[in-house]
Amino acid sequence: MKDISKVIKLHVDNTQNLFKVPRASFVSTDVFDAERDAIFNHCWLYLGHASELTKPGQFVTRTVAGRNLIFNRDVDGQVNAFMNTCPHRGATVCRDRAGTAKNFQCFYHGWVFGSDGTLKSQPGKESYCEGFNDHGGANLVRAPRLEEYRGFYFIAFDQDIVDLATYLGNAREYIDLVADQSKAGMGIVGGTQEYSIRANWKLLVENSIDGYHASTTHASYLDYLKGTAGSLAAVGLVGVGRDLGNGHAVIEYTGPWGRPIGQWIPAWGEQGKVDIERIVGGLTQRFGEERAQRMALKNRNLLIFPNLIINDIMAITVRTFYPLAPNQLHVNAWALAPADESEWSRKSRLENFLEFLGPGGFATPDDVEALQQCQTGYENMREAGWNDISKGMGKAQPAMDDEIQMRAFWIEWNARIEQANNAR
Amino acid sequence: MQAQAFTRSEIEDFLYHEAALLDDWQLPEWLALYTADARYEVPSTDLPKDASPENNLFYIADDAFRLSERVKRLMKKTAFAEYPRSKTRHLVSNVRILDSSGDRCRVSSAFVTYRTKSGVTDTYIGSSEHTIVRGDAGLRIASKRCTLDLDSLRPQGRVSIIL
């Protein structure tokens, strides 16, 4: 590893309330190499949701931080994360996106593994020594760590990482606010939005929890809400930004759009009103007035360091991403919803989702454009070398359109990269 | 009165006209080709062919109102993803009338759409299914579903244009 201390050095001045990030952090291949190890090999990374594996034998294949994985529930009901590579000669074992399987057979030489990863048979077994797999070396290799919090499964490639609950720390409260929205549990809706952005992954971190850009970047989305009869609730974009520690951060705020969990808009009519009153009534019964109102009316854009976003806004999106190069990232995004919501709620939720979110929405494409234009702007970094994320510094309580969330991320990012750099 | 039969050449001319309006960014004129209750859908790439947008996450699932708002938005300078405007070329091929009854027919076609912006050309490949109706003012589109033959929107990153 090269010495990158100069490239990653933040400019933080607490007397002037200035916080600047070197643009080289978004461009340098040395930084990219460093963060692949210091960040992605040593953090908990989102793998998938329990609702994707409801039946014994159910599996999905997925790429996390460049690794191909099988995420499954074995026939005994245990959830596993296997590296999707044959222990024999390396071929991808499971080539389906999703399905149900008691066994996985590698097509190359025909080795067969149970849904618990154990080698069950191999052609020409008689030619192997007695006790060939006594130590399990011919079983599917597991991701070093796999843990769950409230239905969200995470993996880590660092065997010695702290447990997931400790890692999540203060962010657990915000995951709870999503997980608690239905007594029947929350579930991923069918259909994945898989896309890429020609920009550095940290730009999407910032953008996903950025309350400052809403009124400018998304002017045309807000025009759409304003111009659509009954689409606006009479509340403004008002709220707070919080540093949750460990690099996690959140903005929590009111917004003018409908929330199928609790903020009615006139366009949803009487049926919608009845449905939402029933939902909020249920939440109030379970959690009391204050927490129920918070769940119903407050939006939350939550970052789990380094690369998981759970945005509980006009719909709930779960979004994770990974860099392939300093200027290229892959995104996987899902919609999360109460498993037992009514047909009407589900339909309104998905309409809300698509109006704003995703590569065909009225907002996300403009975010993608902004991120790519930032990346292009960084070509000038020799002369124009710094990003400013000072907004709201020194305030006792930063607002949702301040930048404390980004500072929380960058402080953790910087500490981890710097530590790796010093230890090289 | 006997309904006038649909012919493939008539449908082809109509689809080429649709493509030309899109490529010329004549989006209000393009929208006028659609019925007042039209739908326009682009399913996510991991969904089965018959998936419904009411309980699955699509890329796009517009009813007539949202489709008109999509056009309104795309004509604005604040639709930053498409302003300055990209250059597009919609190629339509393999046109087949799947079935027809009276004044309505279902048409399948293959498409390749190129989008060029900021020195990068992205390619969208897939099949379209149109429902086309014959009215007093000529042919109109009652629904269009574009199913991408892609594993994901990589490297395209967005469907900010109309396919």
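Residues numbered from 1 in each chain as written. Chains lettered and ligands numbered in written order. Predicted model: local features only at pLDDT ≥ 70, side-chain atom pairs only at ≥ 80, totals over all residues.

## Re the overall build of chain B
- Across its full length, chain B holds 3 helices and 6 strands.
- Listing the helices and strands of chain B from first to last along the sequence gives α-α-β-β-α-β-β-β-β.
- In terms of overall dimensions, chain B is globule-like: its C-alpha atoms have a radius of gyration of 16 Å, near the 15 Å expected for 163 residues.
- Reported as C-alpha extents along the three principal axes, the dimensions of chain B are approximately 55 × 30 × 30 Å.
- Taking all 163 residues of chain B together, 34% fall into the buried category.
- Restricting the contact set of chain B to residue pairs at least 6 apart, pairs at least 24 apart contribute 55%. (Helix = DSSP H or I, 4+ residues; strand = E, 2+ residues; numbered from the N terminus. Rg over C-alpha atoms; globule rule 2.2 N^0.38 Å. Buried ≥ 20, exposed ≤ 12 C-beta atoms within 10 Å, placed from the backbone. Contact = placed C-beta atoms within 7 Å.)

## So, the nonpolar core
Residue and element names in this part refer to chain A.
- The biggest cluster of nonpolar side chains holds 145 residues, and the ones touching the most others in it are Leu45, Leu47, Phe154, Leu303, Ala335 and Phe409.
- Among the domains, domain 1 (45–149) and domain 2 (170–422) are the pair contributing at least three residues each to this core.
- For phenylalanine 154, the contacting residues outside a window of four places in its chain are Trp44, Leu45, Tyr46, Leu47, Glu147 and Leu164. (Core = buried A, V, L, I, M, F, W, Y, C linked by C-beta atoms within 7 Å. Domains from an automatic or database assignment.)

## Observations regarding the sheet that holds strand E11 (residues 145–149) of chain A
All names here are of chain A.
- Across the sheet, 3 strands lie side by side as E3-E12-E11; this open sheet has antiparallel pairing. Either end of the sheet is taken by a strand with one partner, and the two such strands are strand E3 (45–49) and E11. In this sheet, adjacent strand axes meet at a mean angle of 30 degrees when their direction is disregarded. (Pairing = 2+ DSSP bridges. Axes fitted to C-alpha atoms, helices over the stretch in contact; angles between N-to-C directions.)

## Let's talk about the domain arrangement of chain A
Residues and elements named next belong to chain A.
- In terms of domains, chain A is made up of domain 1 (45–149) and domain 2 (170–422).
- Measuring from the centre of the C-alpha atoms in domain 1 to the corresponding centre in domain 2 gives 33 Å.
- Each partner contributes to the interface: domain 1 provides 8 residues, whereas domain 2 provides 11 residues.
- The element best represented in the side of domain 1 that touches domain 2 is E3, accounting for 3 residues.
- Residue classes in the side of domain 1 that touches domain 2 are distributed as 4 nonpolar, 3 polar and 1 charged. (Nonpolar A, V, L, I, M, F, W, Y, C, P; charged D, E, K, R; others polar.)

## Some words on the sheet that holds strand E5 (residues 67–73) of chain A
Residue and element names in this part refer to chain A.
- Spatially, E6-E5-E4-E7 is the arrangement adopted by the 4 strands of the open sheet, whose pairing is antiparallel. Each of the sheet's edge strands pairs with one partner strand only, and the pair in question is strand E6 (79–83) and strand E7 (98–100). Between one strand and the next, the sheet's axes are offset by a mean angle of 25 degrees, whatever the strand orientation.

## Considerations on the packing of helix H5 (residues 201–208) of chain A against helix H10 (residues 364–377) of chain A
Residue and element names in this part refer to chain A.
- One can describe the packing of H5 onto H10 by two numbers: an axis separation of 10 Å at closest approach and a directional angle of 135 degrees. Relative to H10, H5 is oriented oblique. Our pair here, H5 against H10, has a crossing hand that is right-handed. Facing Leu203, Leu204 and Asn207 of H5, the residues of H10 in contact are Asp367, Ala370, Leu371, Cys374 and Gln375.
- In the contact of H5 with H10, the residues fall into 5 nonpolar, 2 polar and 1 charged. (Parallel < 35°, antiparallel > 145°, perpendicular 65-115°, else oblique. Left-handed = near helix turned anticlockwise from the far one by under 90°.)

## A word on the pairing of strand E19 (residues 316–325) of chain A
Residue and element names in this part refer to chain A.
- Counted residue by residue, E19 has 7 buried out of 10 residues, so it is predominantly covered.
- Bridge analysis of strand E18 (residues 308–312) against E19 gives 5 bridges, and the strand direction is antiparallel. Pairing of isoleucine 310 across the sheet is with valine 318, part of E19.
- Counting the residues between successive antiparallel strands, the hairpin from E18 to E19 contains 3 residues.
- Inspection of the sheet shows E19 paired to strand E20 (residues 328–338) by 9 bridges, in the antiparallel sense. Its bridge partner being in E20, valine 318 is matched across the sheet by tryptophan 334.
- Between E19 and the antiparallel strand that follows it, E20, lie 2 residues.

## Some points on the interface of chain A and chain B
- Taken together, the contact between chain A and chain B spans 33 residues of the former and 31 residues of the latter.
- Of all the secondary-structure elements, those providing two or more residues to the side of chain A that touches chain B are strand E14 (193–197), helix H7 (219–227), E20, helix H9 (343–356) and H10 of chain A.
- Of the residues forming the side of chain A that touches chain B, the biggest block, 6 residues, is contributed by H9(A).
- For the side of chain A that touches chain B, the residue count by class is 15 nonpolar, 10 polar and 8 charged.

## A short note on H7(A)
Residues and elements named next belong to chain A.
- Taken as a whole, H7 has its buried residues at Ser220, Tyr221, Tyr224 and Leu225. Down the axis of H7, the smallest arc covering the buried residues is 145 degrees, so these residues share one side. Turned more than 90 degrees from where H7 packs its buried face, Lys226 and Gly227 sit exposed. (Arc of directions from axis to C-beta.)

## So, the environment of A:Gly66
- Assignment of secondary structure puts A:Gly66 in the loop between strand E4 (58–64) and E5.
- The spatial distance from the C-alpha of A:Gly66 to the C-alpha of A:Gln78 is 24 Å, given a sequence separation of 12 residues.

## Some points on helix H8 (residues 269–297) of chain A
Residue and element names in this part refer to chain A.
- Relative to the 42 Å expected for 29 residues at 1.5 Å per residue, H8 spans just 18 Å between its end C-alpha atoms, considerably shorter than the ideal helical length.
- Taking the largest bend as the criterion, H8 deviates by roughly 125 degrees, centred on glycine 288.
- Those residues of H8 lying buried are Ile276, Ile279, Val280, Leu283, Ala292 and Met295.
- The inward-facing, buried residues of H8 contact helix H4 (172–179). (Expected span 1.5 Å × (residues − 1). Bend = angle between axes of the 7 residues up to and from the residue.)

## Focus on the pairing of strand E2 (residues 18–22) of chain A
All names here are of chain A.
- The pairing of strand E1 (residues 11–13) with E2 spans 3 bridges and is antiparallel. Considered in E2, the bridge of valine 12 is made with phenylalanine 19.
- The loop that links E1 with its antiparallel partner E2 comprises 4 residues; one of these, asparagine 17, has a positive phi angle of about 55 degrees.
- Sheet topology note: the E2/strand E21 (residues 386–388) ladder contains 3 bridges and is antiparallel. In the sheet register, valine 21 faces E21, and the bridge partner there is asparagine 387.

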